[in-house]
Amino acid sequence: MSWAVAAEVVQGGGVTTEETLSLRPPANRVSRRAIGYWTVWAAVGWVVLIGVQTVFVLTSDDAPTWLTVTLTLSCVLAPLHLLVMPQWRYRIHRWEVTGEAVYTQEGWLKQDWRIAPISRIQTVDIERDPVEQLFRLAKITVTTASAAGPVKIAGLDHAEALALAAELTKTTQATPGDAT
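Novice: So, the nonpolar core: which residues are in play, and what are the values?
Specialist: In this structure, W38, W95, V102, I140, L156, L164 and L168 are the most contacted members of the largest nonpolar core, which totals 26 residues. Those elements that provide at least two residues to this core are helix 1 (33-59), helix 2 (65-92), strand 4 (94-97), strand 8 (137-144), strand 9 (151-157) and helix 4 (158-174). Of the residues forming this core, the biggest block, 5 residues, is contributed by helix 1. In this structure, I50, V57, L67 and L71 belong to the second largest nonpolar core, which totals 6 residues.

If you want it as structure tokens, here you go:
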């Protein structure tokens, strides 16, 4: 499947032309360490949920049946989610930067494909939460002049994220236009 997106490109002398960028699967995968990162974050969520449910069931004189059922369901669904979700996300999450655009594909149940033309990039940011630091990962946020919001690439190797941010900064500085 290939979709086309029209992007205005400002060339020398203020002449505007239209360039077509194809929406296609980006070439690069995120770091394999992202699987562990996503697993840890999901596990934390499940531990909190199951912990709260367990406390209510154990401290209640007569725990409602629905609460016991939801606790049982959580105990069954948690391991399935922890096994499937990170692997699935890894297969879906991709990114690519060309001289014309930043391409991303992300999600696992709801999947998003985005193209950000280089000429529309306003800022490039790198973020690392404490767990990402443990896994030597980072995420890049590319803010554009778009109502759809920024383009994010999560799960990148930290060194790769630094190199990508430097490359995007260099490319956007060399691209004519005011990114609006």
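Novice: Tell me about the pattern of salt bridges, residues and numbers included.
Specialist: Going through the model one piece at a time under the given rule, you end up with 3 salt bridges. For D157, the salt bridge identified is with R33, shortest N-O distance 2.3 Å. Taken together, the positions of D157 in strand 9 and R33 in helix 1 put the pair 124 residues apart, joining distant regions of the chain. Given the relative accessible area of 24%, R33 is considered partly exposed. With its nearest N and O atoms 3.0 Å apart, the salt bridge here joins D112 to K110. Residue classification places D112 among the partly exposed positions, given a relative accessible area of 27%.

Novice: How would you sum up the sheet that holds strand 3 (residues 28-29)? Please name residues and give values.
Specialist: An order of 3-4-5-6 is seen for the 4 strands of this open sheet, with the pairing classed as antiparallel. For this open sheet the edge positions go to strand 3 and strand 6 (112-117), each flanked by a neighbour on one side alone. Examined bridge by bridge, strand 5 (residues 101-106) and strand 6 share 6 bridges and lie antiparallel to one another. For V102, the partnering residue across the bridge sits in strand 6 and is A116. The sheet contacts of helix 4 involve strand 4 and strand 5, and relative to strand 4 the element is tilted by about 35°.

Novice: Account for the pairing of strand 5, naming residues and giving values.
Specialist: Each regular strand shows side chains that alternate between the opposite faces of the sheet. Among the 6 residues in strand 5, 5 count as buried, and that is most of the element. Two elements, strand 4 and strand 5, share 4 bridges in a ladder whose sense is antiparallel. Bridging from a neighbouring strand, V97 pairs with V102 of strand 5. The antiparallel hairpin formed by strand 4 and strand 5 contains 3 residues in its connecting segment.

Novice: Talk me through the sheet that holds strand 9; I want residue IDs and the actual numbers.
Specialist: Within the open sheet, the 3 strands sit side by side as 7-8-9. Their pairing is antiparallel. The open sheet has two edge strands with one neighbour each: strand 7 (121-127) and strand 9. Across the sheet, the axes of successive neighbouring strands diverge by a mean angle of 20°, strand direction being ignored. Pairing between strand 8 and strand 9: 5 bridges, direction antiparallel. Paired with A138 across the bridge in strand 9 is L156. Each of strand 7, strand 8 and strand 9 is contacted by helix 4, which is oriented at about 140° to strand 9, the strand it contacts most.

Cut-offs used in this document
- Residues numbered from 1 in each chain as written.
- Predicted model: local features only at pLDDT ≥ 70, side-chain atom pairs only at ≥ 80, totals over all residues.
- Heavy atoms only, no water.
- Core = buried A, V, L, I, M, F, W, Y, C linked by side-chain atoms within 4.5 Å.
- Buried < 20%, exposed > 50% of the residue type's maximum accessible area, 1.4 Å probe, protein only.
- Helix = DSSP H or I, 4+ residues; strand = E, 2+ residues; numbered from the N terminus.
- Salt bridge = Lys/Arg side-chain N within 4 Å of Asp/Glu carboxyl O.
- Pairing = 2+ DSSP bridges.
- Contact = heavy atoms within 4.5 Å.
- Axes fitted to C-alpha atoms, helices over the stretch in contact; angles between N-to-C directions.

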